[in-house]
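Chain and residue survey
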Amino acid sequence: MKNIAKKVSEFYMSRTKREKFMLYAFIIAGLGLWYTNLADKSALLEERMLDLSARLDAARMVVASEESIVSKLAEARKAFDKSKTVSARALQDMVEKSASESSLQYETSLPQSSEGNLSGGVSVSTLRFSAQHAPIGNLVEFERKLKRLEPYAVVKEASFSADGKGLVNARYKICSFDFPNQTEK
C-alpha cells in the first residue's frame, strides 16, 4: 500500500501546474456527476418511500376497519336480490340479446371476472362491446334494454364517434357483479 501511495505521490509531483489543475478539474467534474446521480436516485427513493408509506397507511386503515367493511358488505348483500345478480356468462348473454333485439351489428370481448374470494365474495365481471356504423335510434334502444339490468349490470364507460355518414360507432364497457357461491343463471 505504501508503495502505491509513493508512486502516486511521485506521479503527482512530476506534473506541471497546468496538469495538476486539469487533474483537479477532472476530479471535481467526476464528483459533481457522482453527486448529481446520487441526488437523483435519492429523490426517486424518497418519492417511492412516500408512496409506499401512503399505501401502508391506507392498508392499515382498511385492516383496522375490516369489521365495519364486512358488516357493510353483509348489509349490501341483503339489499340485493341474489337471484338477479349477473354472472360473467349471463352478462354476455344479456348484452348480446339486447344488441340483437336492437338490430345492432356488434362485437364483444370475452367477459373478464375478478376472483370472488379476493373481493369479499363478490365477483365483478367486465365486458367490452362495440357496434360499428349503427343508427342512433338502435343505440338508444340498446341502452334502454341495458337500463333494465341496473343495478346488477351497468354501463361503466361509453364512447361514441360519428362516421360522417349519419351513423355512429359506439364502444361500451359494461360491468356486473355476482356472488360466486350461487349457481350461474
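See above for the structure.
This section reports on the structure supplied with the text. Just so it is clear, the model here is predicted, and its values are computed rather than measured.

Quick notes on the packing of helix H4 (residues 88-101) against helix H5 (residues 136-147)
Running from N to C, H4 and H5 point in directions that differ by 145°, and their axes come no closer than 8 Å. Once H4 is placed against H5, the crossing between them reads as right-handed. Contact residues: H4 offers Val-95, Ser-98, Ala-99 and Glu-101, while H5 offers Phe-142, Lys-145 and Leu-146. Taken together, the residues that form the contact of H4 with H5 break down as 4 nonpolar, 1 polar and 2 charged.

A closer look at H5
Helical periodicity: at 3.6 residues per turn, an α-helix aligns residues three or four positions apart in one direction. With 12 residues, H5 should cover 16 Å at 1.5 Å per step; its first-to-last C-alpha distance of 16 Å lies within 8% of that length. Those residues of H5 lying buried are Leu-139, Phe-142, Lys-145 and Leu-146. For H5, the angular spread of buried residues about the axis comes to 120°, placing them on one side. Exposed residues on H5 whose side chains face more than 90 degrees from its buried face are Ile-136, Arg-144 and Lys-147. Turning to H5, the residues buried within the fold contact H4, strand S3 (123-134), strand S4 (153-162) and strand S5 (168-178).

Some thoughts on the pairing of S3
As judged from the 3 bridges shared by strand S1 (residues 106-108) and S3, these two strands associate in the antiparallel manner. For Tyr-106, the partnering residue across the bridge sits in S3 and is Ala-131. Where strand S2 (residues 112-113) lies against S3, 2 bridges are found, and the strand directions are antiparallel. Looking at S3, one finds that Gln-112 is bridged to Thr-126.

A closer look at the environment of Met-13
Mapped onto the fold, Met-13 is located in helix H1 (residues 2-13). We classify Met-13 as exposed; its relative accessible area is 57%. Spatially, the C-alpha atoms of Met-13 and Asp-163 are 80 Å apart, while their sequence positions differ by 150 residues.

Focus: the nonpolar core
One finds Val-95, Leu-104, Phe-129, Leu-139, Phe-142 and Ile-174 to be the most contacted residues of the largest nonpolar core, which totals 23 residues. Those elements that provide at least two residues to this core are H4, S3, H5 and S5. Among the elements that take part in this core, S5 stands out by supplying 5 residues, more than any other.

Observations regarding a nonpolar patch on the surface
Judged by side-chain polarity, Leu-23, Phe-26, Ile-27, Leu-31, Trp-34, Tyr-35 and Leu-38 come together as a nonpolar surface patch covering roughly 790 Å² of accessible area. Along the polypeptide, Phe-26 turns up in helix H2 (residues 17-64). For Phe-26, a relative accessible area of 64% translates into the label exposed.

A short note on the pattern of salt bridges
Enumeration according to the criterion identifies 8 salt bridges in this entry. A salt bridge links Glu-101 to Lys-145; its shortest N-O distance comes to 3.3 Å. Note that Glu-101 is positioned in helix H4 and Lys-145 in helix H5, a separation of 44 residues in sequence. Residue classification places Glu-101 among the partly exposed positions, given a relative accessible area of 45%. On the basis of relative accessibility, which here comes to 13%, the residue Lys-145 falls in the buried class. One continuous salt-bridge network, built from bridges that share partners, spans Lys-97, Glu-101, Glu-141, Arg-144 and Lys-145.

Section: the environment of Met-94
With respect to the helices and strands, the residue Met-94 is situated in helix H4. Classification of Met-94 as partly exposed rests on a relative accessible area of 25%. Each residue touching Met-94, except ones within four places of it in the same chain, is listed here: Val-86 and Leu-149.

A word on the pairing of S4
Examined bridge by bridge, S4 and S5 share 9 bridges and lie antiparallel to one another. Looking at the pairing, Val-154 lines up with Cys-175 of S5. The antiparallel pairing of S4 with S5 creates a hairpin that spans 5 residues between the two strands, and Gly-164 there sits at a positive phi of about 85°.

What counts, and where the lines are drawn
Residues numbered from 1 in each chain as written. Predicted model: local features only at pLDDT ≥ 70, side-chain atom pairs only at ≥ 80, totals over all residues. Heavy atoms only, no water. Axes fitted to C-alpha atoms, helices over the stretch in contact; angles between N-to-C directions. Helix = DSSP H or I, 4+ residues; strand = E, 2+ residues; numbered from the N terminus. Left-handed = near helix turned anticlockwise from the far one by under 90°. Contact = heavy atoms within 4.5 Å. Nonpolar A, V, L, I, M, F, W, Y, C, P; charged D, E, K, R; others polar. Expected span 1.5 Å × (residues − 1). Buried < 20%, exposed > 50% of the residue type's maximum accessible area, 1.4 Å probe, protein only. Arc of directions from axis to C-beta. Pairing = 2+ DSSP bridges. Core = buried A, V, L, I, M, F, W, Y, C linked by side-chain atoms within 4.5 Å. Patch = residues over 30% accessible without salt bridge, like charges linked within 9 Å, V, L, I, M, F, W, Y side chains within 5 Å. Areas by Shrake-Rupley, 256 points an atom, 1.4 Å probe, with all protein chains shown as cover. Salt bridge = Lys/Arg side-chain N within 4 Å of Asp/Glu carboxyl O.

So yeah, pure geometry; function would need other evidence.
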